[in-house]
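# Tertiary structure, described
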Amino acid sequence: MALVVFNQKGGVGKSTIACNLAAISAAQGLRTLLIDLDQQGNSTRYLLGAPVGAQQPTVASFFDQTLGFSFNPAPPADFVLRTPFEQLDLMAASDRLDELQVKLESRHKIYKLREALQQLGNDYDRIYIDTPPALNFYTRSALMGASGCLIPFDCDDFSRQALYTLLANVQEIRADHNAGLQVKGIVVNQFQPRAKLPQQLVQELIAEGLPVLQPYLPASIKVRESHQLSLPMIHLDPRHKLTQALVELHAALA
């Protein structure tokens, strides 16, 4: 299963959700890979504690290779790094992703990630893809190659309005490029059950027939500590309410 975590709106918890679901998969014994396509590299720093070094392979290295022809190209696995967590690997982000994008688009390399995912699927039980907050070359590449899409939603009206455009874009890619792509669901993040607006927005989404997943992920300052320590919640505090909600969400997706 290759799962894209995507929202065109920034700050909705994409990296947090992607990394924590990946960490849970790995903790449960599944061979897991996270691919960080966002040049900001939040997922990379979350799992490694720092950006990668100049000599280390990244997802940019992989895409760079596709710009030239070789009879013996390096396999996608050569661009994967180990993380401190057992069973969890990473294809790290790079600040070179932005400069590569125009070259990749002009050379029509949009399906190269899909080919890589097909190969990596032989090595991993779960693949999670963290994407930039834009429907750009990298996000489209991920959606064209993945089996599912997970959409974080942070309970405000701006996010709701953006959601309809996002769903239409995903469905268009499904119709034109990837018939197997499924919207796995909308993940309600930073949910405050005692606040009126979040409850109202979520109920309206459900009433419209949108695939809102349960449980909702509660708001918690503990996740900031998780980021600072580069420890996903399952390793930082397995009994925390947010951790338990993430574990339940992981089970629902499986």
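Residues numbered from 1 in each chain as written. Predicted model: local features only at pLDDT ≥ 70, side-chain atom pairs only at ≥ 80, totals over all residues. Heavy atoms only, no water.

- Looking at an unreviewed UniProt entry, one finds the chain named Cobyric acid synthase, with Malikia spinosa as its source organism.

### Digging into the overall build of the chain
- Scanning the chain for helices and strands turns up 11 helices and seven strands.
- Relative to the compact-globule value of 18 Å for 254 residues, the chain shows a C-alpha radius of gyration of 18 Å, a close match.
- Projected onto its principal axes, the C-alpha positions of the chain cover 60 × 40 × 30 Å.
- Here the chain holds 254 residues, and the buried ones make up 52% of them.
- Carbon together with sulfur atoms contributes 48% to the accessible area of the chain, which is approximately 11,600 Å² in total. (Helix = DSSP H or I, 4+ residues; strand = E, 2+ residues; numbered from the N terminus. Rg over C-alpha atoms; globule rule 2.2 N^0.38 Å. Buried < 20%, exposed > 50% of the residue type's maximum accessible area, 1.4 Å probe, protein only. Areas by Shrake-Rupley, 256 points an atom, 1.4 Å probe, with all protein chains shown as cover.)

### Let's talk about the nonpolar core
- Judged by nonpolar contacts, the single largest core of 50 residues is most densely connected at Ile35, Leu37, Phe63, Ile127 and Leu143.
- Ignoring any residue separated from it by four or fewer positions in sequence, one finds phenylalanine 63 in contact with Leu37, Leu97, Leu100, Leu104, Leu113, Phe137 and Tyr138.
- Ranked by size, the runner-up nonpolar core spans 33 residues in total, among them Val52, Phe85, Leu217 and Leu246. (Core = buried A, V, L, I, M, F, W, Y, C linked by side-chain atoms within 4.5 Å. Contact = heavy atoms within 4.5 Å.)

### Let's talk about the packing of helix 3 (residues 59-66) against helix 5 (residues 112-120)
- The geometry of helix 3 relative to helix 5 is characterised by a closest axis approach of 11 Å and an angle of 115° between their N-to-C directions. Of the two possible hands of crossing, helix 3 and helix 5 adopt the one that is right-handed. Counted together, Phe62, Phe63 and Thr66 of helix 3 and Lys112, Leu113 and Ala116 of helix 5 form the full contact between these two elements. (Axes fitted to C-alpha atoms, helices over the stretch in contact; angles between N-to-C directions. Left-handed = near helix turned anticlockwise from the far one by under 90°.)

### Concerning the pattern of salt bridges
- Summed over all chains, the structure comprises eight salt bridges.
- Here lysine 9 and aspartate 154 are joined by a salt bridge, their closest N and O atoms 3.4 Å apart. Of this pair, lysine 9 sits in the loop between strand 1 (2-5) and helix 1 (14-27) while aspartate 154 sits in the loop between strand 6 (148-153) and helix 7 (157-176), and the two are 145 residues apart along the sequence.
- With a relative accessible area of 22%, lysine 9 lands in the partly exposed category.
- Note that lysine 112 and glutamate 115 form a salt bridge whose closest N and O atoms lie 3.6 Å from each other. With lysine 112 and glutamate 115 both in helix 5 and three residues apart, this pair spans about one turn of that helix.
- If you follow the salt bridges from partner to partner, you end up with Asp64, Arg96 and Glu99 in one network. (Salt bridge = Lys/Arg side-chain N within 4 Å of Asp/Glu carboxyl O.)

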